Amino acid sequence: AQSVSQHNHHVILSEAASLELGCNYSYGGTVNLFWYVQYPGQHLQLLLKYFSGDPLVKGIKGFEAEFIKSKFSFNLRKPSVQWSDTAEYFCAVKGNTDKLIFGTGTRLQVFP
Amino acid sequence: DVKVTQSSRYLVKRTGEKVFLECVQDMDHENMFWYRQDPGLGLRLIYFSYDVKMKEKGDIPEGYSVSREKKERFSLILESASTNQTSMYLCASSIRTGAYNEQFFGPGTRLTVL
């Protein structure tokens, strides 16, 4: 069965610090990978996605993620966080069906 | 822009009541989904519909049913609400199987069952 692990449940950073959120999945076949973000009081929205090709994917607001197939990982990175990045971040994987499997989420708090 | 709307942002119901949560999408998507979101548990799929009148159970279907009579509308029904169904409910939609079928989410309904 597919599963997604997000090991960082709560991350606290100061502005300008670098961010890396871990995401590991288990699935033996071809996967599509997603990072979604939920800002306080707002919809869940897509941050970035990987389907094929270049394993380094760039998303909105300066975020990027790297797909490392050998490690079953899709970690999210941002070189310098801002207070406005305070949100909850969800990693998700799609295998050979239309269903997404989500991780448990990482709550990021950025202090000025 | 894809728009997914949900009938209520906040809902308070009593134990034993029948509860209807409505979701409408305006992009002619074939797939629609209902999730519940709980702290520390992420999003868990309750039900999924891939076409009108077609449905498939997700990971936690117990205590819920769904209805999809029109392509744009997907309803989640709590037949007899219980306190353990207090949660945030999220609806989503996507095109059918394809490499680029990301899901688009509604704003959520925060349901409290007293």
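Attention here is on the structure that accompanies the text. (Residues numbered from 1 in each chain as written. Chains lettered and ligands numbered in written order. Predicted model: local features only at pLDDT ≥ 70, side-chain atom pairs only at ≥ 80, totals over all residues. Heavy atoms only, no water.)

**Let's talk about the pairing of strand β10 (residues 87-94) of chain A**
Residue and element names in this part refer to chain A. Filter applied, for reference: Only protein chains enter the accessibility calculation, which uses a 1.4 Å probe. A residue is then buried if its area is under 20% of the maximum for its type, exposed if over 50%, and partly exposed in between. Secondary structure is summarised from DSSP: a helix means a run of H or I of at least four residues, a strand means a run of E of at least two, and numbering begins at the N terminus for each. Strand pairing is assigned whenever DSSP identifies at least 2 bridges connecting the two strands.
Counting buried positions along β10 gives 7 out of 8 residues, so the element sits mostly inside the fold. Bridge count between strand β5 (residues 32-38) and β10: 7 bridges; the pairing is antiparallel. Its bridge partner lying in β10, L33 is registered against V93. When β10 meets strand β12 (residues 106-111), the two strands line up antiparallel, connected through 3 bridges. In the sheet register, A87 faces β12, and the bridge partner there is L108. When β10 meets strand β11 (residues 100-102), the two strands line up antiparallel, connected through 3 bridges. Across the sheet, K94 pairs through a bridge with L100, a residue of β11.

**Details of the sheet that holds strand β3 (residues 19-25) of chain B**
Residue and element names in this part refer to chain B. For clarity, the cut-off: Throughout, an axis means a line fitted to C-alpha atoms (over the contacting stretch in the case of helices), and angles, computed between N-to-C directions, take values from 0 to 180 degrees.
Taken together, 4 strands build an open sheet; the order of strands is β1-β3-β8-β7 and the sheet is antiparallel. Strands with a single pairing partner mark the edges of an open sheet, and in this sheet they are β1 (4-6) and β7 (64-70). Taken pair by pair, the neighbouring strands of this sheet meet at an average axis angle of 20°, ignoring direction. As defined by bridge partners, β3 adjoins strand β8 (residues 73-78) across 6 bridges and the pair is classed as antiparallel.

**Re the nonpolar core**
The following threshold applies: Each nonpolar core is a collection of buried residues, namely Ala, Val, Leu, Ile, Met, Phe, Trp, Tyr and Cys, held together in the definition by side-chain atoms within 4.5 Å. Should any heavy atoms of two residues lie within 4.5 Å, those residues are counted as being in contact.
Membership of the largest hydrophobic core comes to 29 residues, with the highest contact counts inside it found for A:W35, A:L48, A:F74, A:L76 and A:Y89. Here the element with the most residues in this core is β10(A); it accounts for 4 residues. Among residues more than four places away in sequence, those in contact with A:L76 are A:L19, A:E20, A:L21, A:W35, A:L47, A:L48, A:F63, A:E64, A:A65 and A:Y89. Judged by nonpolar contacts, the second largest core, of 20 residues, contains B:Y64, B:V66, B:L111 and B:V113.

**Quick word on the state of the cysteines**
Two cysteines form a disulfide when their sulfur atoms are joined by a covalent bond. Quick note on the threshold: By definition, disulfides here are pairs of cysteine sulfur atoms that lie within 2.5 Å.
Considering all chains together, one arrives at 2 disulfides over all chains under this definition. Covalently, A:C23 is tied to A:C91 through a disulfide, its sulfur atoms 1.9 Å apart. Between A:C23 and A:C91, the S-S torsion sits near -65°, and that sign places the bridge as left-handed. Of this pair, A:C23 sits in the loop between β3 (19-21) and β4 (24-26) while A:C91 sits in strand β10, placing them 68 residues apart in sequence. Accessibility assignment for this pair places A:C23 and A:C91 in one class, buried. The disulfide partner of B:C23 is B:C91, and the gap between their sulfur atoms is 1.9 Å.

Keep in mind these numbers describe shape, not what the thing actually does.
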